[in-house]
Amino acid sequence: RYVIGMGARQDRVKVLPLGVDTDVFRPDIDASKWMPRFGYKDTDKIIVFIGTLPRFSGLDRFIRLFPEILKAVPEAKLLIIGAGEQQEELQHLIDELHLRNEEKDDVIITGYQPHERIPEFINLASVCIMPFEICGATRDIFPTKVIQYMACGKPVVSIRLPGLVDTVRENIHGIVYTDNWVEDIVRLLRSDCLAKQIGRAGLEYVK
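Residues numbered from 1 in each chain as written. Predicted model: local features only at pLDDT ≥ 70, side-chain atom pairs only at ≥ 80, totals over all residues. Heavy atoms only, no water.

What follows deals with the overall build of the chain. Regarding its fold elements, the chain presents nine helices and six strands. Seen along its three principal axes, the alpha-carbon backbone of the chain occupies a region of about 60 × 35 × 35 Å. Of the contacts made within the chain by residues no fewer than 6 positions apart, 74% connect residues no fewer than 24 positions apart. For the chain, the accessible area works out to roughly 11,000 Å², and carbon and sulfur atoms hold 48% of it. Charge-centre separation for the chain: the mean point of 27 positive side chains lies 5 Å from the mean point of 30 negative side chains. (Helix = DSSP H or I, 4+ residues; strand = E, 2+ residues; numbered from the N terminus. Contact = heavy atoms within 4.5 Å. Areas by Shrake-Rupley, 256 points an atom, 1.4 Å probe, with all protein chains shown as cover. Lys, Arg positive; Asp, Glu negative; His and termini not counted. Charge placed at Lys NZ, Arg CZ, Asp CG, Glu CD.)

This part covers the packing of aromatic side chains. By the definition in use, this model includes eight aromatic pairs. Centroid distance Phe 38 to Tyr 40: 5.6 Å. Interplanar angle 45°. Geometry classified as tilted. The pair Phe 38 / Tyr 40 is uniform in exposure class, with both members buried. Ring centres 6.0 Å apart and planes at 50° place the aromatic pair Phe 38 and Phe 121 in the tilted group. Taken together, the residues span a long stretch of sequence, with Phe 38 in the loop between helix H2 (34–37) and strand E1 (45–50) and Phe 121 in helix H5 (residues 118–122) at a distance of 83 residues. (Phe/Tyr/Trp six-rings, centres within 6.5 Å; stacked < 30°, edge-to-face > 60°. Buried < 20%, exposed > 50% of the residue type's maximum accessible area, 1.4 Å probe, protein only.)

Right, let's talk about unusual backbone geometry for a bit. One non-glycine residue, His 98, lies in the positive phi region at around 55°. Position of His 98 among the secondary structure elements: in the loop between helix H4 (87–96) and strand E3 (107–109). By relative accessible area, His 98 is classed as exposed at 63%. For Asn 171, which is not a glycine, the phi torsion comes out positive at approximately 65°. Counting through the fold element by element, Asn 171 comes out in the loop between helix H7 (162–165) and strand E6 (175–177).

Right, let's get into helix H6 (residues 144–151). In an α-helix there are 3.6 residues to a turn, and that puts residues three or four apart on one side. Of all the eight residues making up H6, seven are buried; the element is thus mostly covered by neighbouring parts of the structure. For H6, the set of buried residues is Lys 145, Val 146, Ile 147, Gln 148, Tyr 149, Met 150 and Ala 151. Downstream of H6 by a residue or two, Gly 153 has a phi angle that is positive, lying close to 75°.

Paired through their backbone hydrogen bonds, the strands of a sheet run either parallel or antiparallel. One open sheet holds the six strands; their spatial order is E3-E2-E1-E4-E5-E6, and the pairing between them is parallel. Here the strands that pair on one side only, and so sit at the sheet edges, are E3 and E6. Mean inter-strand twist for the sheet, computed between neighbouring axes without regard to direction, equals 25°. Bridge count for strand E5 (residues 156–158) against E6 is three bridges, and the pairing is parallel. Note on E6: the bridge partner recorded for Val 157 is Val 176. (Pairing = 2+ DSSP bridges. Axes fitted to C-alpha atoms, helices over the stretch in contact; angles between N-to-C directions.)

Another aspect to go through is the state of the cysteines. Scanning all chains against the criterion turns up zero disulfides. The cysteine Cys 193 is free of any disulfide, with Cys 128 supplying the nearest cysteine sulfur at 18 Å. (Disulfide = S-S within 2.5 Å.)

Our next topic: the pairing of E1. Most of E1 is tucked away, with six of its six residues classed as buried. Taking every second residue as pointing to the same face, both faces of E1 are buried, with Lys 45, Ile 47 and Phe 49 on one and Ile 46, Val 48 and Ile 50 on the other. Since E1 and strand E2 (residues 76–81) lie parallel, the crossover through helix H3 (residues 59–72) that links them has a hand, and here it is right-handed. Relative to strand E4 (residues 127–130), E1 runs parallel, the two being bridged by two bridges. Bridge pairing in E4 links Val 48 to Cys 128. (Right-handed = clockwise from strand over helix to strand, strands pointing away.)

So, on to the packing of H3 against H4. Contact geometry for H3 and H4: axes closest at 10 Å, N-to-C directions at 10°. Here H3 is positioned roughly parallel relative to H4, judged by the angle of their axes. Contacts between H3 and H4 involve Leu 59, Asp 60, Ile 63 and Arg 64 from the former and Glu 89, Leu 90, Leu 93, Ile 94 and Glu 96 from the latter. For the contact of H3 with H4, the per-class residue count stands at five nonpolar, no polar and four charged. (Parallel < 35°, antiparallel > 145°, perpendicular 65-115°, else oblique. Nonpolar A, V, L, I, M, F, W, Y, C, P; charged D, E, K, R; others polar.)

Note that every value here comes from positions in space, so none of it alone points to a role or purpose.
The structure is reproduced here in structure tokens:
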């Protein structure tokens with residue numbers, strides 16, 4: 001619809017679905033070596049975001065809500081794998097909300113990481129997130145990170161990006177479209193059974 005709306009002839013437009021290498025992104029990867037490196041315990045519930053940090057990442061909004069998630073699930077952690085123009089702003093916000101101190105880091109931003117490590121980081125997650133703001137740059141996209149999360153069998157919580165909603169059905173395809181980040185994240189962190197059920201649905205969708 002987007003390409004046709006930009007003037008392309010309808011009979012010359014074909015959609016090629018995104019792909020993901022399921023030999024690389026898969027749910028049986030042992031990521032335990034990263035737990036002590038990030039100061040995590042086996043009981044921690046890790047929320048993972050992978051990708052660059054543009055101004056429309058939505059992570060600023062999510063981090064502002066994170067103290068509410070911590071009240072409900074004290075063992076929650078937020079791991080942001082990536083870097084970008086918003087990184088400095090996010091670091092200041094983390095400090096402002098006292099989400100990082102000498103005793104523990106509730107939120108960690110790692111900076112850019114080698115691509116081969118990404119499946120390991122995803123496999124640390126209890127839940128993965130896609131919080132982009134809806135704008136001209138995001139309205140019609142299908143972020144690759146979403147199918148990478150799903151290929152690792154992780155439940156995904158996302159805003160209602162039109163490019164995703166048009167393609168991926170809620171719950172049946174392993175994604176939860178949220179109108180309330182705190183409520184939906186807490187629900188999944190508190191129920192391993194529900195999280196695994198949605199994660200399995202995502203894995204089947206990707207296959």
